[in-house]
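# Close look at the chain arrangement
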Amino acid sequence: MNDIAISVENLAKQYKIGLANNRHDTLRDYVAGGLKALLRRKSVGSGTRVNRSAPSETFWALQDLTFKIKKGETVGFVGRNGAGKSTLLKILSRITEPTSGAAKIHGRVASLLEVGTGFHGELSGRENIYLNGAILGMQKREIERKFDEIVSFAEVEKFIDTPVKRYSSGMYLRLAFAVAAHLEPEILIVDEVLAVGDASFQKKCLNKMHTVGKEGRTVLFVSHNLSAVTSLCQRAIWLNQGQVITDGPSQQTVSEYLNSGLLMMGQQEWPDVAVAPGNDIVRVRSVRLRTEDGRTTDVVDIREPIAFEIEFDVLKPGHVLVPSIGLEKDDGFCVFVSHDRDSEWRRCARPAGYFTSTVHIPGNFLSEGRFVIGAGIITELPFKVHFDVNPAVAFQVIDSFDGDAARGDLVGQMPGVVRPLLKWSNRFMPGQLQSTVH
Amino acid sequence: MAKIQSSSLNIFPEPTVLIQPRKHLFDLDLAGIWVYRELLYFLVWRDLKVRYKQTLIGAGWVVIQPLMTMAIFTVIFGNFAQIPSDGLPYPIFSYAALLPWNLFSSSLSRGGESVVGNANLVTKIYFPRLILPLSGVLSPMADFAIAFVILIGMMIWFGITPTVGILMLPIFVLLAICTALAVGLWLAALNVRYRDVRYTIPFLIQIWMFASPVAYPVSMVPEKWRWLYSLNPMAGVIEGFRWALLGNQSPDFSVIAISATMVMALLAAGIVYFKQMERTFADEV
């Protein structure tokens, strides 16, 4: 028993969808929210998003979760957005209460669900170290003892008495992380802190977490950065729809997760034409991302070509309609926009009926990471947008480490939004060294 | 929400925390506030640090605000409206009331805003949520202390010696703080769900001020309504202040005792209500 750090038994958490998704800040909003709910399309369930109007209902963010974590274990949690990872961390950090079940925690917990919680822009770096330290649960004496260490870790010595609102975002993050990094909890709970900051900041975070793990502390770690999960954690738990799908060695869990096709949002359907995006000329039926062999997916191997498909109904004949997509990185950076130039309907008015357009994206083109496709149908002359669904699908491109992708044998960060497999040519001339110029 | 149980054996020096749905209405875990007292201190400290940052005269505002209000009251109520002031100079008559009133009103509004105003903490970090209204209610104490020094200066200027009642002053301050906390707890919890509360607080404070003897003496209130009037705890506090410092007629302590009892009941109910509501703060705020 005494080697258990966390034991979770039948833990469940229920949310009211109306409560979780819109905030009824005022009574007027409440009324307006009710009207909006009639018009709004709502997300339900897994990889498929079925859009239809539905009354406010409850959903289980976590269901009947049971697992144990031993002292000194580093455990990663993976799963798509809304799988319940953050809810679980929030319950274990005592921020929100479970609906049923129980969790027992043995040891001092520090949770880092965000970097720099409680930082106040008007206060100086020095003042924020004390404030943030207290918020994270450090004693004043402890902060005093570690103060110099924190400052030098953050590399902000010169600006320590400057209000942090004048810090660059990099300095701000470093300082915030430095405070958190000097907590000495027995159990550390970390959610997606790696999602912010530049590469060197992320590296610093990862190194620190490596050290924390090696010191024999228990670490719970949520990240969409799957390579970080496999390199940091011995064990990983894959959650989907609030339930444990796989719990095992991190390599195994992550690869099962990757092969599941549940990672993001591979398709959306609008069974009810009345609420489907569009106008009286054209309305969308469904959008999906699929592999060349026709399987709907939201996880793509970097080498694999993919196809994005849009199904729509033309309700009123006689219009020139151009399907188009915009592909963005998950931070909103637009990678490209593409309009249908190939169909027989180019510059031709379409009759009423049901159409499918597919755009093919080659393999070895996008870099790894999360991408979003927004899809729409436009008329170019005169310009008119009939509908624009963004995000239509969201997917993750996974770089294989097999050595035959553009990455080669490199391990670690590789920048860029595209990662094409370019042709390199080489010549070798033995013995012809360039002579030194004197 | 969760209880800290210190384990009895020293094999596990660390505390064990049991997380489960709160089962009992009166499971208040007030000891947790003691464990987190340093955070309470830092939140009050932050409030004080930040309040007058990037202002020209900084903490000067602490002095200017009550003095300006006093000047306005003296001109409007004392001179134009000729409101009696129990034989005292009107400036000190009103200032002695503004002192506890400002403490109460800023405690109340800060307390009521405390949870929503710290939403970023509530959704990311665990600590006993009661710390938030507590820190909101306590931080105006610093302003009060400074404004009090001004009052002493004014008493010397007007040649007024306080009565032995001054020993009762901490009790009146405590009553003002408890009243602000009792009402503030309800408002803070309601504010999380209904932001209407945010817009109600200023009105509430305004109405409450006119229902308290800040600008006028209690003697102006018709005799037959006076018992009802005196149930307002702030009426007792303000009267108490004037009695203790300026040697006014002593307030009716039995009525103050009744209103103090009501405040304590409201406070106790407020704590229970707040604890009940705090379970969903992180999800709703």
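Criteria and cut-off values
Residues numbered from 1 in each chain as written. Chains lettered and ligands numbered in written order. Predicted model: local features only at pLDDT ≥ 70, side-chain atom pairs only at ≥ 80, totals over all residues. Helix = DSSP H or I, 4+ residues; strand = E, 2+ residues; numbered from the N terminus. Buried ≥ 20, exposed ≤ 12 C-beta atoms within 10 Å, placed from the backbone. Contact = placed C-beta atoms within 7 Å. Pairing = 2+ DSSP bridges. Axes fitted to C-alpha atoms, helices over the stretch in contact; angles between N-to-C directions. Expected span 1.5 Å × (residues − 1). Bend = angle between axes of the 7 residues up to and from the residue. Nonpolar A, V, L, I, M, F, W, Y, C, P; charged D, E, K, R; others polar. Core = buried A, V, L, I, M, F, W, Y, C linked by C-beta atoms within 7 Å. Parallel < 35°, antiparallel > 145°, perpendicular 65-115°, else oblique. pLDDT = per-residue confidence, 0-100. Left-handed = near helix turned anticlockwise from the far one by under 90°.

The next subject is the overall build of chain A. For chain A, the count of helices and strands is nine helices and 21 strands. When burial is assessed residue by residue, chain A has 39% of its 438 residues classed as buried. For chain A, restricting intrachain contacts to residue pairs at least 6 apart in sequence, the fraction spanning at least 24 positions comes to 71%.

With that settled, the discussion passes to the overall build of chain B. Within chain B, the regular secondary structure consists of 13 helices and two strands. Every one of the 285 residues in chain B was classed for burial, and the buried ones make up 43%. Contacts in chain B between residues at least 24 apart in sequence constitute 77% of all its contacts with a sequence separation of at least 6.

Right, let's get into the sheet that holds strand E17 (residues 334–339) of chain A. All names here are of chain A. Taking strand neighbours across the sheet as the criterion, the five strands line up as E13-E21-E20-E16-E17 in an open arrangement whose pairing is mixed. The two strands at the open ends of the sheet, each matched to only one other strand, are strand E13 (299–301) and E17. When the angles between neighbouring strand axes are averaged without regard to direction, this sheet yields 30°. Relative to strand E21 (residues 384–398), E13 runs parallel, the two being bridged by three bridges. Considered in E21, the bridge of valine 299 is made with glutamine 396.

Our next topic: the sheet that holds strand E9 (residues 235–240) of chain A. All names here are of chain A. Across the sheet, which stays open at both edges, the six strands sit in the order E6-E7-E8-E4-E9-E10 with mixed pairing between neighbours. Of all strands in the sheet, those bounded by a partner on one side alone are strand E6 (109–112) and strand E10 (243–249). Ignoring which end each strand starts from, the neighbouring axes of this sheet average 15° apart. Where strand E4 (residues 74–78) meets E9, four bridges bridge the pair, whose relative direction is parallel. When the bridges of E9 are listed, valine 78 appears paired with tryptophan 238.

Below, the discussion takes up helix H4 (residues 90–117) of chain B. Residues and elements named next belong to chain B. Across its 28 residues, H4 extends 37 Å between first and last C-alpha, which sits within 8% of the 40 Å expected from 1.5 Å per residue. For H4, the principal kink sits at leucine 98 and spans about 30°; a proline, proline 100, occurs within the next four residues. The element H4 is extensively covered by neighbouring structure, given that 26 of its 28 residues are classed as buried.

It is worth spelling out unusual backbone geometry at this point. Residue and element names in this part refer to chain A. Of note, the amide linkage connecting leucine 381 to proline 382 takes the cis form, showing an omega dihedral of -10°. Even without glycine at this site, glutamate 155 takes up a positive phi of about 55°. On the secondary structure map, glutamate 155 appears in the loop between helix H5 (140–154) and helix H6 (169–181). Positive phi values are uncommon outside glycine, yet asparagine 364 reaches one of about 50°.

Next up on the list: the pairing of E4 of chain A. Residue and element names in this part refer to chain A. Most of E4 is tucked away: five of the five residues are buried. By the alternation rule, side chains of E4 split into Thr74, Gly76 and Val78 and Val75 and Phe77, which are all buried. Across four bridges, the pairing between E4 and strand E8 (residues 218–222) is parallel. Looking across to E8, one finds that valine 75 is bridged to leucine 220.

What follows covers the interface of chain B and chain A. Each partner contributes to the interface: chain B provides 33 residues, whereas chain A provides 40 residues. Looking at the side of chain B that touches chain A, the elements that each hand over two or more residues are strand E2 (16–19), helix H2 (37–51), helix H5 (119–122) and helix H13 (281–284) of chain B. The residue makeup of the side of chain B that touches chain A, split by class, is 16 nonpolar, five polar and 12 charged. Sheet analysis places strand E5 (residues 100–106) of chain A next to E2 of chain B, joined by four bridges and oriented antiparallel. Across the sheet, the residue bridging to alanine 103 of chain A is isoleucine 19 of chain B, located in E2 of chain B.

This part covers the nonpolar core. Proteins that are soluble and globular tend to have nonpolar side chains buried together. Phe221 of chain A together with Ala176 of chain B are the most contacted members of the largest nonpolar core, which has 142 residues in total. It is helix H8 (residues 169–193) of chain B that contributes the most residues to this core, 15 residues altogether. Core analysis: the next-biggest nonpolar cluster, separate from the first, contains 32 residues, Ile281, Ile325, Ala392 and Val393 of chain A among them.

Let us look at the environment of valine 62 of chain B. Residue and element names in this part refer to chain B. Along the chain, the position of valine 62 falls in helix H3 (residues 60–80). Using a count of 22 C-beta atoms within 10 Å as the deciding quantity, one classes valine 62 as buried. Sequence separation of valine 62 and phenylalanine 144 is 82 residues, and the distance between their C-alpha atoms is 8.3 Å.

Right, let's get into the packing of H4 of chain B against helix H7 (residues 140–158) of chain B. Residues and elements named next belong to chain B. The interhelical angle for the contact between H4 and H7, taken along N-to-C directions, is 180°, at an axis separation of 10 Å. Taken as axis vectors, H4 and H7 run roughly antiparallel relative to one another. Of the residues in H7, those in contact with Ile92, Tyr95, Ala96, Leu99, Asn102, Leu103, Ser106, Ser107 and Arg110 of H4 are Pro140, Phe144, Ala147, Phe148, Leu151, Met154, Met155 and Phe158. Considered class by class, the residues forming the contact of H4 with H7 number 13 nonpolar, three polar and one charged.

Another aspect to go through is the confidence of the model for chain A. Residue and element names in this part refer to chain A. Overall, the predicted model of chain A reaches an average pLDDT of 82, with 85% of residues at or above 70. Counting contacts from residues 19–25, a segment whose pLDDT is below 50, to residues more than four positions away or on other chains yields nine contacts. Contacts for the low-pLDDT stretch residues 40–55, under 50 throughout, to residues beyond four places or in other chains number 32 contacts.

Let us look at helix H4 (residues 125–135) of chain A. Of all 11 residues in H4 of chain A, 10 are buried, a share of seventy percent or more. Along its buried surface, H4 of chain A packs onto H5 and H6 of chain A together with H2 and H5 of chain B. Glycine 137 of chain A sits one or two residues past H4 of chain A and shows a positive phi near 100°.

What follows is about the packing of H4 of chain B against helix H11 (residues 233–246) of chain B. All names here are of chain B. Orientation of H4 relative to H11, taken along the N-to-C sense of each, is 135°, at an axis distance of 9 Å. By the criterion of interaxial angle, the relationship of H4 to H11 is oblique. Here H4 runs over H11; the crossing is right-handed. Of the residues in H11, those in contact with Ile92, Ala96, Ala97, Leu99, Pro100, Trp101 and Phe104 of H4 are Met234, Val237, Ile238, Phe241, Arg242, Leu245 and Leu246. Residues that form the contact of H4 with H11 fall into these classes: 13 nonpolar, no polar and one charged.

Residue and element names in this part refer to chain B. Among the secondary structure elements, valine 272 is positioned in helix H12 (residues 253–277). Judged by the 15 C-beta atoms lying within 10 Å of it, valine 272 falls in the partly exposed class. As for valine 272 and tryptophan 186, which are separated by 86 residues in sequence, their C-alpha atoms are 9.8 Å apart. Apart from residues lying up to four places away in sequence, valine 272 is in contact with Leu25 and Phe26.

Attention now moves to the confidence of the model for chain B. All names here are of chain B. Mean pLDDT over chain B stands at 88; residues scoring 70 or higher make up 95%. Averaged pLDDT values for the elements of chain B fall to 40 in strand E1 (residues 2–5) and rise to 96 in helix H6 (residues 131–138). Below pLDDT 50 for its whole length, residues 1–13 participates in 22 contacts with residues either more than four positions away or in separate chains.

Our next topic: the environment of alanine 236 of chain A. All names here are of chain A. Within the secondary structure, alanine 236 is located in strand E9. Sequence spacing of alanine 236 and valine 254 is 18 residues, and the spatial spacing of their C-alpha atoms is 7.3 Å. Those residues in contact with alanine 236 that sit more than four places away from it in its chain are Val75, Gly76, Val78, Val229, Ser250, Thr253 and Val254.

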